[in-house]
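Listed below, chain by chain, are the residues.
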Amino acid sequence: MTLLLQIAAFALGTYLSIRMIVALHGIADLWFMIDKAWPRVLTGVFAWGAVIGVVAWLMDEAYRTALAWGLLTYLVFYLSLLPLARLYFASRRTDRQSFED
Amino acid sequence: MTSLVLSLDEVGATHANLAGGKGANLGELLRNGFPVPPGFVVCADAYARFLEALDLGAELRALDSAPPEEMVERRSGIRARLENEDLPRELADLILAAHGRLIENRGRPIVCAVRSSATAEDLGAASFAGQHGTYYYVEAAQLLQKVRQCWGSLWSPEAVSYRATHGIDHASVSMAVVVQEMIASEVSGVSFTANPVSGSRDEVIVESSWGMGAAIVDGRVTPDNYVLERADLRVRTQRVADKRLMVAARLEAGQNARLEEVPNAMRRRESLTPDLLRTVAQWSLKCAAHFGKPQDVEWAICDGCFYLLQSRPITVMGREDIGRDIKGKYVLFKPLVENFTDPFTPLAGNLLMLIPSLLFRSIHGWIYVDVEALRRPLPFKVSAESLADYLYSISKDAPAWKVSVSKLPALLVLGFMFFIVNVVLLLRTRNLPDRALDSYRALCEKIGADPLIGPADAMVRLLLLPKLRDPVANMPLLVNLSAVRYIARMRVLRRVVRRWAPDVRADAEAILCSGSEGVLSAEMGRGIWALAVEANRNARVRGILLAQAPERALAELRLSTDAREFLRRLDGFLAKNGHRAIKEWELRSPRWEENPAVVLGMIRNYLLIEAAPAIHEQKAAEARAVLIDDLRARLQALPLERAFGLRQRLILFAAERVRYFQKMRENSRFYYIMGLGAVRKIVLRIEGELMRQGKLKCKDDIFFLQVNELTELQAGRLGWLDVEDTIRERRIEHIRLCKMGPPKTIGIDMREKYAPATQHEGTTLLQGQPASPGAYEGRARVILDPSIDVELSPGEVLVAPYTDPAWTPLFLTAGAAVVEVGSYLSHAGTVAREFGMPCVVDVAEATQKIRNGDRVAVDGDLGSVRILAHRGDA
């Protein structure tokens, strides 16, 4: 049962990580109109931050660790996507192949 | 004369071994009374004599067994010796003497064309197209050098590689050289005694333009096009092109570039009078009769006289031959081809396919979907043919495929991975404001103006992978990808509407999702309308716009003080929409900011009609309101609906979601095109530099290079002589492919979805896909290019090969639309539904089967078009 709950906590951490990343993306996405959009952006960031904090505070130590792993795993995964995509695309770019080929 | 140099009239069809294919052909025509310009042939024996003098025989014989790594060096060595060493004295004297006689017979100084005429040109399937040298405007002083260069071109990398590929012995080929007087033509062109695209032998095609013919053959100008009945030479269709450039026959003092702008007054004028057109067609048919097979004839008109420059059999490669040597199963990528049917130029195609994709492949410049690569992971029992059919039709209905249980686990894994990677994107783009991509414009301007960024890097940064500091850079791509969700939302909407209100009108979903609020291309249409309103306010501006061709109108407006306000607003419009263009996915297409005359053409079109676009929008809004009332009344009868109205709310919510994602999809395209505009600026800047350095000679040539060739040119590792023939060959191939159009599928024998044109009770019935409901009867107007054929009288039926946002103003004038390619979701269908007019898309060869002035009945419910009466019969 504990293991199942830990898995659930991990999944919840992943979900909350996704929502937090989306909320943080709002800063860049709405930067061009940040003078008007800042309440919406900050509300998103603080609301999801608060949810993470409250959920973590309510949990027992064992589940809190699983939640933190969920949060961290998706964050690392997400941050690695761009450099991985860069490597992949750079290796496949046809214009960088030798002309003689 | 000896057999080293012969007068053209001394050779005939049987002398191909001596005079080469081209020389023998021209001699044959001249002997038989055809008006071929005089000249002489430096025969293949002369080439053999030169090789002997250079002692190259043994080296040539050894070439076939040479190791590949030595090939480049040996070939270059042979070419250098042929081009640089002097001809034997006796041979040089013979050539110069023949040239002297040519001048003497004409009684005035002339310039000559020096053309290769290889003896292997008649070797079965080997065409040697564009591989051997041709030189124009050659004077006596350069004659011997050009003859040597023709011989040297037998040893160009392309020619050697071509012979190696086709198993032709290097030592077996020989070359004659034809030296002919150049005709200083006022008009020139090509004609075909059978339709080279359809293969029809009932037609004669004539293409003509001002000046020398090189510009047409190389595709630097779009010529006037005439289709004549072979039987009586009656003009079946004619299209006068906007001929912007011409190759001048004579150079003015101080002028060194032959390609020049056509004077405004001549650009849209017919280049052939009816008499000359008939003369051209008659001589072309005489050539066909003489050789006993359809001919492709190059000709010129000088001082009203017709000259035959070349006649050769038409090599008809049908559309079905395209991609025959390619393995796999492919279907055209419809979202691109429904916006323009031409293949991409090499540079544009190369940049768009910079990162090879698993699903897409560029074949002859058209983008195809790899059906097998897509079919493999799909959890359905579906054949490649059915999938291709579905991908090409893009219907609003879901396909009825059976689920393949064995594929489900793999798909679940793939789906989960897709979700994990894209979930952030899907959530980010759920509710973006309309102006979400505004900052992309600033990024495009920054990158477009940066001299250190090349086109390939710009393409990647603007459309694919952002730098960390420019997170907006790939937003158009991401928004576009995530907006595909509208298809699933549309299915949900359709399902709930049909479940709860099964008898509601057939196009209910389309009406519920209509509305162009926040759609940038619709705002662009409104912007053009606002300019028309401004022009209407000022009688002088209106008069200029209506009386003059757009280019001339623009010049006059700039001179008129009355037009200041109009021009100020035009500049404002261009600042926002100037990156758009006709055929805007193609980098080669000039943007509106470069050529605002196209916008003036659209404004002019608006000036000719009474109705404002707002009327269409109002009509659509009213229809939506009536439908919602109708739905509400129908839903009231269902349990609990009167109390909570949940079903109605769900329907309206689903419709709002579809509208939102459709809007984001359309807007992302607006910014995509902006990114392409920035890349074009970079390409044009490089083109300017290369032209200044003499590495490119003609505008637009750059678009016929590959990205890595461009890099090599910039680095100085390639020069003009290395790319000249390649560019020329690619231009010719591009024109041929444009005329032919793409095959829908490659490697798949897809059954035609619609029956071919049939005759019924004296009318011709064409079938297509219904895209907007309603029925309409009216006179047809075939428009192939909205920048040229801008006039569409109110109520006429628009018949078009494809449409994109540049065509939108024409929809306002039209009573109905018939389009050759497209789908329910294509631009034509979407705009037609928005404007409440019937529209049928995917009507094969509509622009050829329907002629201007024909009376047609369009049924947008059944997807049929009936030609009731042809022009003249009505």
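Source: prediction; values computed, not measured.

Draft legend 1. Molecular detail of the overall build of chain A. When its secondary structure is counted, chain A shows three helices and zero strands. Reading chain A from its N terminus to its C terminus gives the helix and strand order α-α-α. For a compact globule of 101 residues, the expected C-alpha radius of gyration is about 13 Å, and chain A comes in at 19 Å, more than 25% above that figure. Across its three principal directions, the C-alpha atoms of chain A cover 65 × 45 × 15 Å. Across the 101 residues in chain A, those meeting the buried criterion constitute 21%. In chain A, the proportion of contacts linking residues at least 24 apart, taken out of those at least 6 apart, comes to 76%.

Draft legend 2. Looking closely at the nonpolar core. All names here are of chain B. Among the nonpolar cores identified, the biggest contains 146 residues, and Leu351, Ile603, Val679, Ala817 and Val818 are the most heavily contacted of them. Not counting chain neighbours up to four residues away, the residues in contact with Val818 comprise Val797, Val799, Val840, Val843, Ala846, Ile850, Val858 and Val865. One finds Val11, Ile78, Trp210 and Ala214 within the second-largest nonpolar core, a separate group that totals 79 residues.

Draft legend 3. Local environment of helix α25 (residues 597–607) of chain B. α25 of chain B sits mainly inside the fold: eight of its eleven residues count as buried. Contact partners of the buried residues in α25 of chain B: α21 (520–537), α22 (539–547), α23 (550–559) and α31 (808–813) of chain B.

Draft legend 4. Expanded view of the packing of helix α18 (residues 475–482) of chain B against helix α28 (residues 646–692) of chain B. All names here are of chain B. Where α18 meets α28, the closest approach of the two axes is 8 Å, and the angle between their N-to-C directions is 150 degrees. Taken together, α18 and α28 sit at an angle that is classed as roughly antiparallel. Note on packing geometry: the crossing formed by α18 with α28 is left-handed. On α28, the residues touching Pro476, Val479 and Asn480 of α18 are Met664, Arg665, Ser668, Arg669, Tyr671, Tyr672 and Gly675. Of the residues assigned to the contact of α18 with α28, the class counts are five nonpolar, three polar and two charged.

Draft legend 5. Highlighting the interface of chain A and chain B. On the chain B side, the residues contacting the 20 residues of chain A number 23 residues. Residue composition of the side of chain A that touches chain B, grouped by class: twelve nonpolar, three polar and five charged.

Draft legend 6. Highlighting helix α30 (residues 720–740) of chain B. All names here are of chain B. For α30, built from 21 residues, the straight-helix expectation of 30 Å at 1.5 Å per residue is met to within 8% by its first-to-last C-alpha distance of 30 Å. The set of residues buried in α30 consists of Val723, Asp725, Thr726, Ile727, Arg728, Arg730, Arg731 and His734. A positive phi of about 80 degrees marks Gly741, the residue just after α30.

Draft legend 7. Inspection of the sheet that holds strand β16 (residues 366–370) of chain B at higher detail. Residue and element names in this part refer to chain B. Read across the open sheet, the four strands follow the order β15-β16-β14-β19; overall the sheet is antiparallel. Of all the strands in the sheet, the pair left with one neighbour each is β15 (360–363) and β19 (745–746). Of the pairings in the sheet, the one linking strand β14 (residues 330–332) to β19 comprises two bridges and is antiparallel in character. For Val331, the partnering residue across the bridge sits in β19 and is Thr745.

Draft legend 8. Summary view of the confidence of the model for chain B. Residues and elements named next belong to chain B. In the predicted model, chain B carries a mean pLDDT of 84, and 91% of its residues have values of at least 70. A low-confidence stretch, residues 121–129 (pLDDT under 50), is modelled with 15 contacts involving residues beyond four sequence positions or located in other chains. Two numbers describe this predicted complex: its pTM, 0.74, and its ipTM, 0.90.

Draft legend 9. Structural view of the domain arrangement of chain B. Residues and elements named next belong to chain B. Along its sequence, chain B is carved into domain 1 (5–181), domain 2 (187–316) and domain 3 (758–869). With nine residues of domain 1 at the contact, the number on the domain 2 side is eight residues. Residue classes in the side of domain 1 that touches domain 2 are distributed as six nonpolar, three polar and no charged.

Conventions used here
- The numbers attached to residues start from 1 for each chain and follow its sequence in the written order.
- Here chains are named by letter from A upward and ligands by number from 1 upward, in the order in which they appear as written.
- Per-residue local features are limited, in this predicted model, to residues with pLDDT of at least 70; the limit for side-chain atom pairs, both in listing and counting, is 80 or more; totals at the level of whole chains, interfaces and linings are taken over all residues.
- The helix count covers DSSP runs of H or I at least four residues long, the strand count covers runs of E at least two residues long, and both are numbered beginning at the N terminus.
- We compute the radius of gyration over the C-alpha atoms and compare it with the globule rule, which gives 2.2 Å times the number of residues raised to the power 0.38.
- With C-beta atoms placed from the backbone, a residue is buried if 20 or more other C-beta atoms are within 10 Å of its own, exposed if 12 or fewer are, and partly exposed between those counts.
- Each residue gets a C-beta atom placed from its backbone, and two residues are in contact if those atoms lie within 7 Å.
- The term nonpolar core refers to a set of buried Ala, Val, Leu, Ile, Met, Phe, Trp, Tyr and Cys residues connected through C-beta atoms within 7 Å.
- Only the stretch in contact is used when fitting a helix axis, every axis being a line fitted to C-alpha atoms; angles between N-to-C directions are given from 0 to 180 degrees.
- Roughly parallel covers angles under 35 degrees, roughly antiparallel covers those over 145, roughly perpendicular covers 65 to 115, and oblique covers all other angles.
- If you view the pair so one helix is near and one far, a crossing is left-handed when the near helix is turned anticlockwise from the far one by less than a right angle, and right-handed when it is turned clockwise.
- Classification convention: Asp, Glu, Lys, Arg as charged; Ala, Val, Leu, Ile, Met, Phe, Trp, Tyr, Cys, Pro as nonpolar; all other residues, Gly among them, as polar.
- One less than the number of residues in a helix, times 1.5 Å, gives the span that helix is expected to have.
- When DSSP finds two or more bridges between two strands, those strands count as paired.
- The quantity known as pLDDT measures the predictor's confidence residue by residue, on a range of 0 to 100.
- Source of the domain bounds: an automatic or database domain assignment.

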